[in-house]
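Coordinate inspection notes
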Amino acid sequence: MDWCHYRFRSVWELPGAPTGVFAALEQAEDYPQWWPQVREVTPLDDRSGIVRFRSFLPYDLVVTARERRNDPAAGVLEIAMSGDLDGWARWTLTATPDGTRAHYDQEVEVRKALMRRLSVPGRPLFRLNHALMMRAGRRGLAARLRAV
């Protein structure tokens, strides 16, 4: 097992139609307004930017995110990441009777030296840290969508 390799999946049930959810997720520079753990997004151009994350544990992760797929008709947003994490993340949206189901999939290799050194004993905490971040993101986006 590669202790520095992670696969994550989250499913968010959100209010509103997929088009509105897609529009909110597409605006990465607005994430810090509703997702507390996304501390900063600095656009580099119209398809990439630098993102700084910090969840419960006392360290920041900084990645360069580059758009790989932006397909509103299919409800898919996907990025490639490099930096403290190398890999990809994807949102896939589907309509539900009550709004939108947002599937978040991520596969990354940790490059941050501290996390690599602590990969075995820290793995459960790193996974918990990610889960807490995702829970806060779901709550923040749901509140933002209800306010619109």
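Going by the structure above, here's the rest.
All residue numbers refer to position in the chain's written sequence, counted from 1. Under the rules for a predicted model, residues below a pLDDT of 70 receive no local features and side-chain atom pairs below 80 are neither given nor counted, while totals for whole chains, interfaces and linings still include all residues. Side-chain measures here rest on the full set of heavy atoms in the structure, leaving out hydrogens and waters.

**Some thoughts on the overall build of the protein chain**
- In DSSP terms, a helix is any run of H or I states spanning at least four residues, a strand is any run of E spanning at least two, and both are numbered starting from the N terminus. A tally of regular secondary structure across the protein chain gives 4 helices and 7 strands.
- Reading the helices (α) and strands (β) of the protein chain from amino to carboxyl end gives β-α-α-β-β-β-β-β-β-α-α.
- Against the globule reference of 15 Å for 148 residues, the protein chain gives a C-alpha radius of gyration of 15 Å, in line with a compact fold.
- Considering only C-alpha atoms, the protein chain reaches an extent of 45 × 30 × 25 Å along its principal axes.
- Burial status follows relative accessibility: with a 1.4 Å probe on protein chains alone, a residue under 20% of its type maximum counts as buried, one over 50% as exposed, and anything between as partly exposed. With 148 residues in all, the protein chain has 43% of them scored as buried.
- The contact rule is simple, with two residues in contact once any of their heavy atoms fall within 4.5 Å. The contacts in the protein chain between residues at least 6 apart in sequence include a share of 50% that link residues at least 24 apart.
- Accessibility throughout is a Shrake-Rupley quantity obtained with a 1.4 Å probe, and a residue counts as covered only by protein chains that appear here. Total accessible area computed for the protein chain in this model is approximately 8000 Å², and 54% of it derives from carbon and sulfur atoms. The globule rule used here is 2.2 Å times the number of residues to the 0.38 power, and the radius of gyration it is set against is calculated over C-alpha atoms.

**Comments concerning the pairing of strand 7 (residues 99–110)**
- For strand 7, the buried fraction is high: 10 of the 12 residues fall into the buried class.
- One bridge is not enough; two strands pair if DSSP finds at least two bridges between them. Bridging between strand 1 (residues 5–14) and strand 7 involves 10 bridges; their strand directions are antiparallel. Considered in strand 7, the bridge of His5 is made with Glu109.
- The pairing of strand 6 (residues 85–96) with strand 7 spans 12 bridges and is classified as antiparallel. In the sheet register, Trp88 faces strand 7, and the bridge partner there is Glu107.
- Between the end of strand 6 and the start of strand 7, which pair antiparallel, lie 2 residues.

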